[in-house]
Amino acid sequence: MTTSGQNTPTLARIQSFAFSGIEAVPVTVEVQVSTGLPAFLLVGMADKSVGEARERVRAALTSMGLALPPKRILVNLVPADLAKEGAHFDLPIALGLLVAMGILPFEAVSAYAAVGELSLDGRINPVNGVLSAALGAAAHSLGLICPALQGREARWGNPDQDILAPDTLLGVVSHFRGEQVLTPVPAAEGYTPDYGPDLADVKGMALGRRALEIAAAGGHSVLMSGPPGAGKSMLACRLPGILPDLTTEEMLETSRIHSVSGLLKGGRLTIRPPYRAPHHSASLPAMVGGGAKARPGEVSLAHNGVLFLDELPEFSRSCLEALRQPIETGSISIARAAQHTTYPARFQFIAAMNPCRCGYLGDPERSCRKAPRCGEDYSAKISGPMMDRMDLCVQIDPLSPIEISRAPRGEDSATVRARVEKARDRQITRQNVCNAQASPDLFVMDDDARSLAEQAAEKLRLSNRGLTRLMRVSRTIADLEGTQQIQRHHVAEALGFRRRLSVLATLQIQKGWNHCGHDEQRDPEINPQEKRRSKQPDAIQQGRSHQDIPADHDPPDHPFLAWHY
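Residues numbered from 1 in each chain as written. Predicted model: local features only at pLDDT ≥ 70, side-chain atom pairs only at ≥ 80, totals over all residues. Heavy atoms only, no water.

### Description of the side chain of R469
Along the chain, R469 turns up in helix α20 (residues 464–481). Discounting chain neighbours no more than four positions away, the residues touching R469 are S221, I327, E328, D388, R389, D391 and R498. (Helix = DSSP H or I, 4+ residues; strand = E, 2+ residues; numbered from the N terminus. Contact = heavy atoms within 4.5 Å.)

Encoded structure:
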């Protein structure tokens with residue numbers, strides 16, 4: 001701070017933050033009061049919301065009985081080449097102006113950073129990004145002044161950090177002048193997590209429950225296919241309930257994303273894995289992030305949690321293809337002409353779809369006239385590279401009314417979660433990450449298991465990515481069993497989940513399915529021209545087609561491999 005000859009403050013500085021992704025970038029708010037024509041200027045590459053702070057600050061000071069001095073007031077946001085946006089600059093501008101006017105002591109205010117939006121009556125309103133601001137202030141050995149409703153959120157930044165959470169601007173002035181000291185923000189408290197719907201509500205569906213447990217234990221992606229009402233969405237929404245709690249590092253990282261998005265309520269960190277289920281009409285920026293201010297998308301809001309896409313083929317092709325990179329890398333980069341922003345996006349991908357547009361492929365009484373061709377056309381909306389990223393593919397068959405009414409309740413989520421946590425502990429001890437992110441070089445396999453994996457990869461023409469994911473799923477199955485080595489039956493079960501969506505329609509053709517309305521001119525067994533056409537490469541044919549399987553071929557004895565074939 002500099003002063004004039006009459007020892008009157010003319011320049012004040014206070015720290016605040018801009019946000020690049022989830023990172024808090026330090027911004028120094030400089031306020032100068034000098035002689036000249038009365039004016040209130042704001043410079044430093046500020047957007048419209050920051051520029052409007054002049055009127056909010058003026059009204060807030062008026063509500064306290066203060067008037068701006070009839071001088072030239074200049075507010076500079078440093079660095080000048082960094083774009084500033086958001087109303088959270090209101091509070092630091094007001095505090096800097098109060099210091100420059102000689103109302104607040106510079107030495108006391110300079111030990112804090114500040115974020116907060118001002119109302120016209122001087123109240124301090126909540127803003128986005130308080131958790132990131134608290135972490136940024138702690139990194140610079142500063143305290144933080146934030147809205148009262150977000151004091152507990154800021155407390156998570158550092159337990160020893162000095163946090164002030166006033167309700168009004170007048171409360172800040174009274175505190176620094178020693179008239180009414182603010183109550184310290186209490187230590188952050190935990191709360192009882194919400195585990196969501198219980199898996200015990202799911203009756204039957206043994207294969208779906210098994211796939212869900214394997215996915216939860218290893219962090220694997222799952223694609224469920226089945227007719228409408230079979231229970232695909234019911235299973236998916238119960239996956240977060242069997243996942244382990246987030247670690248402290250994961251909680252902070254996930255909560256910072258939710259904080260900058262304005263989704264962190266009541267100062268409570270995200271203890272449980274987040275669950276995001278966007279509608280299939282979601283746009284590309286809504287899915288991966290973007291917009292004018294490069295906000296986080298669904299893939300980032302699901303970081304360290306679950307992203308569930310119901311009716312997968314109904315999503316736009318651009319949205320589905322945009323998911324390929326974050327599934328592999330765990331992050332998403334949003335490029336704009338003025339800036340590049342990177343958000344974390346390490347999520348567990350779960351998807352559900354019907355076998356065809358009508359949803360009843362395989363049911364002679366309910367399927368449409370275009371079956372089974374409609375099944376191939378519908379599944380063709382999902383590209384081969386996207387399908388190759390699915391670790392587990394499972395067919396969900398509906399239960400009959402008698403089975404539903406008489407089936408007992410299954411295991412509850414707490415029981416399954418206990419097994420999942422033990423499997424995760426083994427993975428963290430062995431490789432420090434879950435199996436879905438681990439290198440197969442760290443896995444120990446016996447000779448029979450390795451031989452089966454190699455033969456299956458060759459015969460099923462698995463890609464290198466497909467073989468890697470096969471070994472990861474096998475390792476997870478072994479962890480659930482508690483064995484040190486991957487054995488043959490672990491690989492066999494994992495192979496049972498490495499299937500393609502075209503298999504169902506292929507099996508229908510093999511069975512000679514010809515219900516009412518079947519177009520015999522499109523049947524390769526009847527029309528030789530269609531038979532030649534069916535042998536041509538197809539964009540969705542990635543596994544073995546029915547032409548590749550000899551007529552006298554017998555499926556393997558293992559039930560999961562038998563189901564696969």
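### A look at the layout of surface pockets
Computed from the structure, the largest pocket encloses a volume of approximately 940 Å³. Lining the largest pocket are 37 residues, and of these E250, R346, R424, C434 and Q437 sit closest to its centre. Within the residue set of the lining of the largest pocket, elements represented by two or more residues are α10 (248–260), α14 (324–329), β18 (348–353), α18 (413–431) and α20. Here the lining of the largest pocket gets four residues from one element, more than from any other, and that element is α18. (1 Å grid on protein atoms, 1.4 Å probe; cavity = no way out; pocket = protein on both sides within 12 Å on 5 of 7 lines; lining within 4 Å. Points joined across faces, edges and corners; volume = space filled by probe spheres on them.)

### Let's talk about the pairing of strand β16 (residues 331–335)
Taking every second residue as pointing to the same face, the buried face of β16 carries I332 and I334, while none of S331, S333 and A335 on the other face is buried. Judged from the five bridges that link them, β16 and strand β17 (residues 340–344) form a sheet pairing that is antiparallel. Each residue of the ladder has a partner; that of A335, found in β17, is H340. (Buried < 20%, exposed > 50% of the residue type's maximum accessible area, 1.4 Å probe, protein only. Pairing = 2+ DSSP bridges.)

### With respect to the nonpolar core
Generally speaking, a soluble globular protein has its nonpolar side chains buried in company with each other. Residues M224, L235, L239, I350 and V491 are the most contacted members of the largest nonpolar core, which totals 48 residues. Beyond its immediate chain neighbours, meaning those up to four positions away, L235 contacts L199, V202, M205, G208, R209, L212, M224 and I396. Judged by nonpolar contacts, the second largest core, of 42 residues, contains A18, L98, Y112 and A114. (Core = buried A, V, L, I, M, F, W, Y, C linked by side-chain atoms within 4.5 Å.)

### Concerning unusual backbone geometry
A cis amide bond links V78 with the next residue in sequence, P79, at an omega value of 5 degrees. Tracing the chain through its elements places P79 in the loop between β5 (72–78) and α3 (90–100). Not every positive phi belongs to a glycine, and M45 is a case in point at roughly 60 degrees. Positive phi is not limited to glycine here, since N304 has a value of about 65 degrees. Of note, N304 is situated in the loop between α12 (298–301) and β15 (306–309).

### Structural notes on the sheet that holds strand β19 (residues 392–395)
Judged by pairing direction, the sheet is parallel, and its five strands sit side by side in the order β12-β15-β18-β11-β19 without closing on themselves. Edge positions in the sheet fall to β12 (275–276) and β19, since each has one partner strand and no second. Here strand β11 (residues 222–225) pairs with β19 via four bridges, running parallel. Bridge pairing in β19 links M224 to V394. Along the sheet, helix α8 (residues 206–218) makes contact with β11, β18 and β19, crossing β19 at roughly 165 degrees. (Axes fitted to C-alpha atoms, helices over the stretch in contact; angles between N-to-C directions.)

### Some words on the packing of aromatic side chains
Per the counting criterion, the structure on display carries three aromatic pairs. Between the aromatic rings of Y112 and F176, the centroid separation amounts to 5.6 Å while the plane-to-plane angle is 70 degrees, which identifies the pairing as edge-to-face. In this pair, Y112 is assigned in strand β6 (residues 112–114) and F176 in helix α7 (residues 169–176), connecting sequence segments 64 residues apart. Just as Y112 is buried, F176 falls in that class too. Ring geometry for F347 against F349: centres 6.5 Å apart, planes inclined by 80 degrees, an arrangement best described as edge-to-face. Using a relative accessible area of 11% as the deciding quantity, one classes F347 as buried. Relative accessible area serves as the criterion here: at 2%, F349 is assigned to the buried category. Taking the ring centre of Y195 as reference, the NZ or CZ of R417 above it sits at 3.9 Å. (Phe/Tyr/Trp six-rings, centres within 6.5 Å; stacked < 30°, edge-to-face > 60°. Lys NZ or Arg CZ within 6 Å of the ring centre and 35° of its normal.)

### Concerning helix α2 (residues 53–63)
Because the α-helix completes a turn every 3.6 residues, residues three or four places apart line up on one side. Within α2, the full set of buried residues consists of A53, R56, V57, A60 and L61. Across the axial projection of α2, the buried residues extend over an arc of 130 degrees, all falling on one side. Lining the buried residues of α2 we find α1 (48–51), α3, β7 (117–118) and α7. (Arc of directions from axis to C-beta.)

### With respect to the environment of L460
Structurally, L460 can be placed in the loop between α19 (447–459) and α20. The exposure class of L460 is buried, given its relative accessible area of 8%. When the C-alpha atoms of L460 and L495 are compared, they prove to be 9.9 Å apart, with 35 residues separating the residues in sequence.

### A closer look at the packing of α3 against α7
Two numbers describe a pair of packed helices, the interaxial angle and the distance between the axes. At a closest axis distance of 11 Å, the pairing of α3 and α7 adopts a crossing angle of 45 degrees. Taken together, α3 and α7 sit at an angle that is classed as oblique. Judged by the sense of rotation from one axis to the other, the crossing of α3 with α7 is right-handed. Where α3 abuts α7, its residues L91, A94, L95 and L98 lie against L169, V172 and V173. Residue composition of the contact of α3 with α7, by class: seven nonpolar, no polar and no charged. (Parallel < 35°, antiparallel > 145°, perpendicular 65-115°, else oblique. Left-handed = near helix turned anticlockwise from the far one by under 90°. Nonpolar A, V, L, I, M, F, W, Y, C, P; charged D, E, K, R; others polar.)

### Observations concerning the packing of α8 against α18
Across the interface, α8 lies against α18 with an axial gap of 8 Å and an inter-helix angle of 40 degrees. The pairing of α8 with α18 is recorded here as oblique in orientation. Crossing hand, α8 versus α18: right-handed. Across from E213, A216, A217 and G218 in α8, the residues of α18 making contact are V416, R419, V420, A423, R424 and Q427. Grouping the constituent residues of the contact of α8 with α18 by class yields five nonpolar, two polar and three charged.

### Observations concerning the pairing of β18
Burial analysis of β18 places six of its six residues in the buried class, the great majority of the element. By the alternation rule, side chains of β18 split into Q348, I350 and A352 and F349, A351 and M353, which are all buried. As paired elements, β15 and β18 share four bridges and run parallel to each other. When the sheet's bridge partners are listed, V306 is paired in β18 with Q348.

### What to know about the pattern of salt bridges
Per the counting criterion, the structure on display carries 26 salt bridges. D245 is the salt-bridge partner of R272, the closest N and O atoms lying 2.6 Å from each other. Of this pair, R272 sits in the loop between α10 and β12 while D245 sits in the loop between α9 (232–236) and α10, and the two are 27 residues apart along the sequence. For D245, a relative accessible area of 34% corresponds to the partly exposed category. Between R419 and E411 there is a salt bridge, with the nearest N and O atoms lying 2.8 Å from each other. Its relative accessible area of 29% is what places R419 among the partly exposed residues. Here E411 falls in the partly exposed class, since its relative accessible area comes to 36%. One network of salt bridges, with partners in common, ties together E328, D388, R389, D391, R465, R469 and R498. (Salt bridge = Lys/Arg side-chain N within 4 Å of Asp/Glu carboxyl O.)

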